[in-house]
Amino acid sequence: MALRWGIASSGLIANDFVTALKGLPKEEHQVVAVAARSSSSAEKFAKTHNIPTFHEGYANLAKDPNVQVVYIGVLNPQHHEVAILMLENGKHVLCEKPFTLNEKLARQVIEVARRKKLFIMEAIWSRFFPSYQEARRLIKAGEIGDVKYASVAFGVKIDKVERVTNKDLGGSATLDIGVYILQFQQFVFQGLQPEKIAVAGHLDEHGVDDAVSAIFVYPDNKTAVVSCNTTVDLPNEAVIVGSKGTIKLPTFWSPLTLTLNSKVKEFPLIPNEGKFNYYNSAGLAYQAIEVRKCILEGKLESDVVPHAETIQLAAWMDKLRHEVGMKLPPPFEDN
């Protein structure tokens, strides 16, 4: 059965997701419709990607009877609204990160999905890379012993990009790239609850966080140290240290290699000659494979990115932002 996708957005990441789907079998994934705020944008996107139907406005996509699941790549402040619209109209959802701009909204969206008995997942694409799957296998198999420490630093010079600096667009280092570092340490210490979280960071001249670091203190002497920065390039490598060895993931958000105790293992991307806007975007296809698998099995959430972890990520992002003094405009803050 081909999963019939609708695309809510005609932006850069939506382009990459649709292009990534072209690397998968057509009998398993088909993009049947796209919607954008303007008819002209939707039509242009549809022509570029040979999509048979385009819609002006997301409500029309939500009502399209040919669409089974919607990929949401709209601006961050619209995630919750568009997700609920799709769910209320019977569509499964894959929603880009950050899932919503705060924990309260994340809970609201997931509650609607549960009530409607529909699948929804946050698009934490990193977790579906074969290198992440191998890291999980190594940890579970005890190959590096008892995991005691994880660290990751994600820094890219994007402080001139409006979506990162404009509060009205959900601008925030934490919300834009911080979700990656938080999900990584969550992935490593899956199921554990931190006993303490220490946070420090900086705000830019607009009151938007551009550098945030945090230490997560877990039970049994386990610690995670994470940093994100939108003003400088950081090493962008993730490290997992256990009592018997170390795992390293370079370009950790989309790694094609994994190093175990200095031995490198390679994981080539799915072949795809399409034109992408972002690094290793062909790997966006891995999460689509998971979505199809879950929907075919009748599951309402993925075991890889479960609802509880999406809510936890939203709560942690709230905490990091608030600890450094960054608050979003109404209605995204309660005070």
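- Under an unreviewed UniProt entry, the name given to the protein chain is Trans-1,2-dihydrobenzene-1,2-diol dehydrogenase, and the source organism is Dendroctonus ponderosae.
- The Sequence similarities (unreviewed entry) comment attached to the protein chain in UniProt states, word for word, "Belongs to the Gfo/Idh/MocA family."

1. A look at the sheet that holds strand S6 (residues 120-122)
1) Next: In spatial order, the strands read S3-S2-S1-S4-S5-S6; together these six strands make up an open sheet with parallel pairing. Of all the strands in the sheet, the pair left with one neighbour each is strand S3 (53-56) and S6. Each strand of the sheet is rotated relative to its neighbour by a mean of 20 degrees, with strand direction disregarded.
2) Next: Pairing between strand S4 (residues 69-72) and strand S5 (residues 92-95): four bridges, direction parallel. Residue pairing in the sheet places Val70 in a bridge with Val93 of S5.
3) Next: Sitting on the sheet, helix H4 (residues 79-88) is in contact with strand S1 (3-8), S4, S5 and S6, with an inclination near 175 degrees to S4.

2. Overview of the UniProt feature "domain: GFO/IDH/MocA-like oxidoreductase" (unreviewed entry) in the protein chain
1) Next: Look at the UniProt record and you will see "domain: GFO/IDH/MocA-like oxidoreductase" (unreviewed entry) annotated at residues 132-247.
2) Next: End-to-end, the C-alpha atoms of residues 132-247 are 11 Å apart, and along that stretch the chain is 25% helix and 37% strand.

3. Some thoughts on the UniProt feature "domain: Gfo/Idh/MocA-like oxidoreductase N-terminal" (unreviewed entry) in the protein chain
1) Next: In this numbering, the UniProt entry assigns the feature "domain: Gfo/Idh/MocA-like oxidoreductase N-terminal" (unreviewed entry) to residues 4-121.
2) Next: Between the first and last C-alpha atoms of residues 4-121 the distance is 16 Å; the span itself is 42% helix and 23% strand.

4. Examining the state of the cysteines
When the sulfur atoms of two cysteines share a covalent bond, that bond is a disulfide.
1) Next: A full pass over the atoms with the stated rule returns zero disulfides.
2) Next: In this structure Cys95 is not part of a disulfide, and its nearest cysteine sulfur, from Cys294, lies 16 Å away.
3) Next: Take Cys228: it sits in no disulfide, and the sulfur closest to it among the cysteines is that of Cys95, at 20 Å.

5. Focus on the sheet that holds strand S14 (residues 263-266)
Hydrogen bonds between backbone atoms are what pair the strands of a sheet, whose relative direction is either parallel or antiparallel.
1) Next: If you walk across this open sheet you meet the eight strands as S8-S9-S10-S7-S11-S12-S13-S14, and the pairing is mixed. The open sheet has two edge strands with one neighbour each: strand S8 (196-203) and S14. Ignoring strand direction, the axes of neighbouring strands in this sheet form an average angle of 10 degrees.
2) Next: Bridging between S8 and strand S9 (residues 209-218) involves eight bridges; their strand directions are antiparallel. Opposite Ile197, over in S9, you have Phe216 as the bridge partner.
3) Next: The strands touched by helix H6 (residues 130-140) within the sheet are strand S7 (147-155), strand S11 (237-242), strand S12 (246-250), strand S13 (257-260) and S14, with S13 carrying the most contacts at an inclination of about 25 degrees.
4) Next: Set on the sheet, helix H8 (residues 173-188) makes contact with S7, S9, strand S10 (222-229), S11 and S12; between it and S10 the angle comes to about 160 degrees.

6. Some remarks on the packing of aromatic side chains
1) Next: Per the stated rule, a full pass over the model turns up 15 aromatic pairs.
2) Next: Note on Phe189 and Tyr218: the rings are 4.9 Å apart at their centroids and 40 degrees apart in plane angle, and the pair reads as tilted. On the criterion of sequence distance, the pair formed by Phe189 in the loop between H8 and S8 and Tyr218 in strand S9 is long-range, its members being 29 residues apart.
3) Next: Pairing Phe252 with Trp253 gives two aromatic rings, centres 6.0 Å apart and planes at 85 degrees, and the pair type is edge-to-face.
4) Next: Residue classification places Phe252 among the buried residues on the basis of a relative accessible area of 0%.
5) Next: On the basis of relative accessibility, which here comes to 13%, the residue Trp253 falls in the buried class.
6) Next: Among the aromatic residues, those joined into a ring-pair cluster are Tyr132, Phe154, Tyr180, Phe184, Phe187, Phe252, Trp253 and Tyr279.
7) Next: Directly above the ring of Phe187 sits Arg136, whose terminal nitrogen or CZ lies 4.1 Å from the centroid.

7. Some points on helix H1 (residues 12-21)
1) Next: Most of H1 is tucked away, with eight of its ten residues classed as buried.
2) Next: Inspection of H1 places Ala14, Asn15, Asp16, Phe17, Val18, Thr19, Ala20 and Leu21 among the buried residues, and these make up the whole buried set.
3) Next: Of the surrounding elements, those touching the buried residues of H1 are S1, strand S2 (29-36), helix H2 (39-49), S4, S5 and helix H9 (285-296).

8. Section: unusual backbone geometry
1) Next: Along the chain, Lys97 connects to Pro98 via a cis peptide bond; the corresponding omega equals -10 degrees.
2) Next: Looking at the secondary structure, you find Pro98 in the loop between S5 and helix H5 (103-116).
3) Next: Going from Pro330 to Pro331, the amide bond is cis rather than trans, its omega being 5 degrees.
4) Next: In this fold, Pro331 is placed in the segment after helix H10 (307-323).
5) Next: Of note in this structure, Ser9 is not a glycine but carries a positive phi near 145 degrees.
6) Next: Following the sequence through the fold, Ser9 ends up in the loop between S1 and H1.
7) Next: The class for Ser9 is buried, based on a relative accessible area of 7%.

9. Side note on the environment of Ser302
1) Next: Tracing the sequence through the fold places Ser302 in the loop between H9 and H10.
2) Next: On the basis of relative accessible area, Ser302 is assigned to the buried category, the value being 1%.
3) Next: It is 7.7 Å that separates the C-alpha atoms of Ser302 and Val291, two residues lying eleven residues apart in sequence.
4) Next: In contact with Ser302, other than residues within four places in its own chain, are Phe119, Met121, Phe128, Glu290 and Cys294.
5) Next: Engagement of the side chain of Ser302 in a polar contact is seen with the backbone nitrogen of Val305, the distance being 3.4 Å.

What counts and how
Residues numbered from 1 in each chain as written. Predicted model: local features only at pLDDT ≥ 70, side-chain atom pairs only at ≥ 80, totals over all residues. Heavy atoms only, no water. UniProt positions renumbered as here; feature names shortened; annotations may be inferred. Pairing = 2+ DSSP bridges. Helix = DSSP H or I, 4+ residues; strand = E, 2+ residues; numbered from the N terminus. Axes fitted to C-alpha atoms, helices over the stretch in contact; angles between N-to-C directions. Contact = heavy atoms within 4.5 Å. Disulfide = S-S within 2.5 Å. Phe/Tyr/Trp six-rings, centres within 6.5 Å; stacked < 30°, edge-to-face > 60°. Buried < 20%, exposed > 50% of the residue type's maximum accessible area, 1.4 Å probe, protein only. Lys NZ or Arg CZ within 6 Å of the ring centre and 35° of its normal. Polar contact = N/O pair within 3.5 Å; in protein donor to acceptor, adjacent residues only side chain to side chain.

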